[in-house]
Amino acid sequence: MRLLLLFALGAFVALILQIILPRLLPSGILAPDLVLILAVDLGMRHPGALTAVLAFGMGYAVDTFSGVELGLNALLLTLVFLFAYWLSRVLMSTSTAMGVIIVFTGVIFTDVANYLICSRFAAAERLHMIMPAILIQAAFTALLTPSVFRITAWGSRIVGLRQYNRNR
Amino acid sequence: MVLTTSLLLLFALHLLSTGVRPDSRANKPSLLLMEAFRPLLMVESQMADEGSDFLHSYFDLVGVRQENLRLKQRLAELENQQRRMAELEAENRHLADLLELRDALATSAVAANVIGDDATGLSRTLILSAGERQGVHRGMAVVSVDGVVGKLIAVSEDSSRVLLINDHNSALDAFDQRSRARGIIAGVIEDGLTMKYVDRSEDIKPGDAIVTSGMDGIFTRGLLVGTVSRVSQEGPGLFLNIEVKPAVNFRQLEQVMILTVPVPAPPVSNNG
């Protein structure tokens, strides 16, 4: 329960930042997807039924403040959670480096899916025009991943949760 | 865990495929979330304005020697004070402009502050500080002193979300003020607007003002949407390719006006 509350609070802060940050960034730069980093952290290091529900909830919260399709980000973040869980099990690694790679691919996946589904696949041929912005966002988000992982680990220690072995 | 995740995925797909109605139960938590975020967003948006000033000051000062830096910081402090005062003055002026606009439109309207952006940045929506309690409802038109902003897609007790006209899901009926040629204004994924379904025989030129037709029953007739920036006849289609530069700078939008009275559609005519 403490873990859920910790990540729910983290998602709340991350979402606030995602709503505020675009105004501070230059035009054409997408704000880093901090909520996705939390979903990857949950999938890699804290997999479980309740954390899956939390990942879905975080996506639903993003839907509240983005786009017109309620359920789209909920679907995509749950898929990212599942992908992080699956890949970390297959490669038997929950290292930060693995997290950075999953976050990078996760941002590209969610953005491209978001773009295609929102445009009902009608704008697929123009995808290349938005790809530079997506790649910059993915790189920016991946760069922030170690820091966010450190913050969640620190938060876990503060609320008295057992530390996950990062070197597995 | 796999079973739970599968069920969640199915539920998300169900939400997506059915398309949630504003009055449906699945939409209620979303509106409650909007309400929960509102107070923080109000505070954060003010802090963000100041943070933006700070960032710009920082970039300006990079590379300047220590002593120079100290003096410039002092100067920056004074300038910040001056900016804050100018900011208040500008806000006052803006609100006065909005009042004038409301009088000019001869309709009932509610002023609102922009308190947040789209959470993913891929869609173009803004969060506003007015909601049901202020008499605002879903589908209402949002305008600024510069022109058309968009329409409300979600409304909670004290906040709402507006879909900007430059979002690729947005469409509104408009016409060329000079030639009276009518078309549909839609957002472009990269940026800007496009005017669709204008016959190749129509006379549209760069620089022409595009205004709302009022036919959609949302926007008052004659509101400025933007100006034509490029017209071409590329491709095999029946219609012109028209690029329109929005009249509103959406990134710098701070205050808007929500038109709270539905606009009666004007009688249909062939010349727009």
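Everything numeric here is computed off the predicted structure, so don't read it as measured data.

Draft legend 1. Just the pattern of salt bridges, in detail. All names here are of chain B. Enumeration over the complete set of coordinates arrives at 7 salt bridges over all chains. Between D158 and R133 there is a salt bridge, with its nearest N and O atoms 2.8 Å apart. Taken as a pair, D158 in the loop between β4 (148-155) and β5 (160-164) and R133 in the loop between β2 (125-128) and β3 (141-143) lie far apart in primary sequence, 25 residues in all. The exposure class assigned to R133 is exposed, which follows from its relative accessible area of 58%. Among the salt bridges present, the one from D173 reaches R182, with a minimum N-O distance of 3.0 Å. By relative accessible area, D173 is classed as buried at 11%. Judged by relative accessible area, R182 falls into the partly exposed class, the value being 30%.

Draft legend 2. A look at the packing of aromatic side chains. Residue and element names in this part refer to chain B. Considering all chains together, one arrives at 5 aromatic pairs over all chains under this definition. Pairing Y197 with F239 gives two aromatic rings, centres 5.6 Å apart and planes at 90°, and the pair type is edge-to-face. Of the two residues, Y197 is situated in the loop between β8 (193-196) and β9 (209-212) and F239 in the loop between β10 (224-232) and β11 (241-246); the sequence distance between them amounts to 42 residues. Given a relative accessible area of 34%, F239 falls into the partly exposed group.

Draft legend 3. Just the sheet that holds β8 of chain B, in detail. Residues and elements named next belong to chain B. Taken in spatial order, the 6 strands of this closed barrel run β6-β7-β8-β11-β10-β9, and their pairing is antiparallel. Neighbour to neighbour, the strand axes of the sheet diverge by 40° on average, direction disregarded. Sheet analysis places β8 next to β11, joined by 3 bridges and oriented antiparallel. When the sheet's bridge partners are listed, M195 is paired in β11 with I242.

Conventions and cut-offs
Residue positions are given per chain, counting from 1 as you read along its sequence in written order. Each chain is given a letter, starting from A, and each ligand a number, starting from 1, according to the order in which they appear as written. For a predicted model such as this one, the threshold for reporting local features is a pLDDT of at least 70, and the threshold for listing and counting side-chain atom pairs is 80 or more; totals across whole chains, interfaces and linings nevertheless cover every residue. Side-chain metrics in this entry use all non-hydrogen atoms of the structure; hydrogen atoms and water are not considered. A carboxyl oxygen of Asp or Glu within 4 Å of a side-chain nitrogen of Lys or Arg is what we treat as a salt bridge. The helix count covers DSSP runs of H or I at least four residues long, the strand count covers runs of E at least two residues long, and both are numbered beginning at the N terminus. Partly exposed residues are those whose accessible area sits between 20% and 50% of the maximum for their type, while under 20% is buried and over 50% is exposed, using a 1.4 Å probe and protein chains only. Working definition: a ring pair exists when centres of Phe, Tyr or Trp rings (six-membered ring for Trp) sit within 6.5 Å. Plane angles under 30 degrees give stacked, over 60 give edge-to-face, the rest tilted. Only when DSSP finds a minimum of two bridges between them are two strands counted as paired. Interaxial angles span 0 to 180 degrees and are taken between N-to-C directions of axes, which are lines fitted to C-alpha atoms, for helices over the stretch in contact.

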